[in-house]
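What the coordinates show
Chain by chain, the residues run as shown.
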Amino acid sequence: LKRLSSLVATHATELGDDIRILGTLDADRVRGAFSRTFDGVAPRFHERGIRLQALRPPALLLAGLERVVPVDMTLEAPTRVLIISGPNGGGKSVALTACAWAFELARRGVPIPAQHAELPAPPYAVAAVVGDAADDRAAHSTFSGHLESLQRALEVADQERSLIVIDEIASGTEPTAGSAIACGFLECLAERNAL
């Protein structure tokens, strides 16, 4: 084993190069397979906002669901904040997370499972505040955990370009106070030029 290791060590640079090249080729193969499997499209990059047509939520596609309802999302510049409102079970969370997925896929060069996609050009940071933020081990309520998640999202928004996705903002507290907190966070995010 020692002799074989010393033989391999003499070719460490070439082997490292080979591993990097194989990693790149494998990543390209996976991008192509994902695109073919889910009818992905390459996004068009510009600074005029977000336009996603017939976006099929990637998380649902990867979960193997047979019937996935596509969503359309448009946010035209100079508008920077989009609020989705509606009844429970209406797909708001799915639409928000699908938008975050689209940004993450585009940032990694993976085609987006949509009919058409226009996004700001990378690089950008993405923060998603979704799900129950309660942490019994840290003695956090759902609301205090949610506030900590919102604080982390504000830190991401300090970067030059960012997408912040928040599901049920400032929920888990008294509605009037929650509304005021939600408005404050959204105004702060808009002032920082986050989408």
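Structure shown above.
Residues numbered from 1 in each chain as written. Predicted model: local features only at pLDDT ≥ 70, side-chain atom pairs only at ≥ 80, totals over all residues. Heavy atoms only, no water.

1. Some words on helix 5 (residues 142–157)
Along its 16 residues, helix 5 runs 22 Å from first to last C-alpha, staying within 8% of the 22 Å computed at 1.5 Å per residue. For helix 5, every residue scored as buried is listed here: Phe143, Gly145, His146, Ser149, Leu150, Ala153, Leu154, Val156 and Ala157. In this structure, the buried residues of helix 5 make contact with strand 5 (125–129), strand 6 (162–166) and helix 6 (175–191). (Helix = DSSP H or I, 4+ residues; strand = E, 2+ residues; numbered from the N terminus. Expected span 1.5 Å × (residues − 1). Buried < 20%, exposed > 50% of the residue type's maximum accessible area, 1.4 Å probe, protein only. Contact = heavy atoms within 4.5 Å.)

2. Overview of the packing of helix 5 against helix 6
When two helices pack together, their arrangement is captured by the angle between the axes and the distance separating the axes. It is at 10 Å that the axes of helix 5 and helix 6 come closest, and there the two elements cross at 15°. The orientation of helix 5 with respect to helix 6, classified from their angle, is roughly parallel. For the element pair helix 5 and helix 6, the recorded crossing hand is left-handed. Of the residues in helix 6, those in contact with Phe143, Leu147, Leu150, Gln151, Ala153, Leu154 and Ala157 of helix 5 are Ile181, Phe185, Cys188 and Leu189. Residues belonging to the contact of helix 5 with helix 6 are distributed by class as follows: 10 nonpolar, 1 polar and no charged. (Axes fitted to C-alpha atoms, helices over the stretch in contact; angles between N-to-C directions. Parallel < 35°, antiparallel > 145°, perpendicular 65-115°, else oblique. Left-handed = near helix turned anticlockwise from the far one by under 90°. Nonpolar A, V, L, I, M, F, W, Y, C, P; charged D, E, K, R; others polar.)

3. Structural notes on the layout of surface pockets
Looking at the largest pocket, its volume works out to about 690 Å³. Looking at the largest pocket, it is lined by 32 residues, and the ones nearest its centre are Leu82, Ile83, Ile84, Leu96 and Ile166. Secondary-structure elements contributing two or more residues to the lining of the largest pocket are strand 3 (71–76), helix 4 (92–107), strand 6 and helix 6. Classifying every residue of the lining of the largest pocket by side-chain character gives 20 nonpolar, 8 polar and 4 charged. When its volume is computed, the second largest pocket comes out at roughly 170 Å³. Lining of the second largest pocket is provided by 16 residues; of these, Glu47, Arg80, Pro120, Arg161 and Leu195 occupy positions nearest its centre. Taken together, the residues of the lining of the second largest pocket break down into 7 nonpolar, 4 polar and 5 charged. (1 Å grid on protein atoms, 1.4 Å probe; cavity = no way out; pocket = protein on both sides within 12 Å on 5 of 7 lines; lining within 4 Å. Points joined across faces, edges and corners; volume = space filled by probe spheres on them.)

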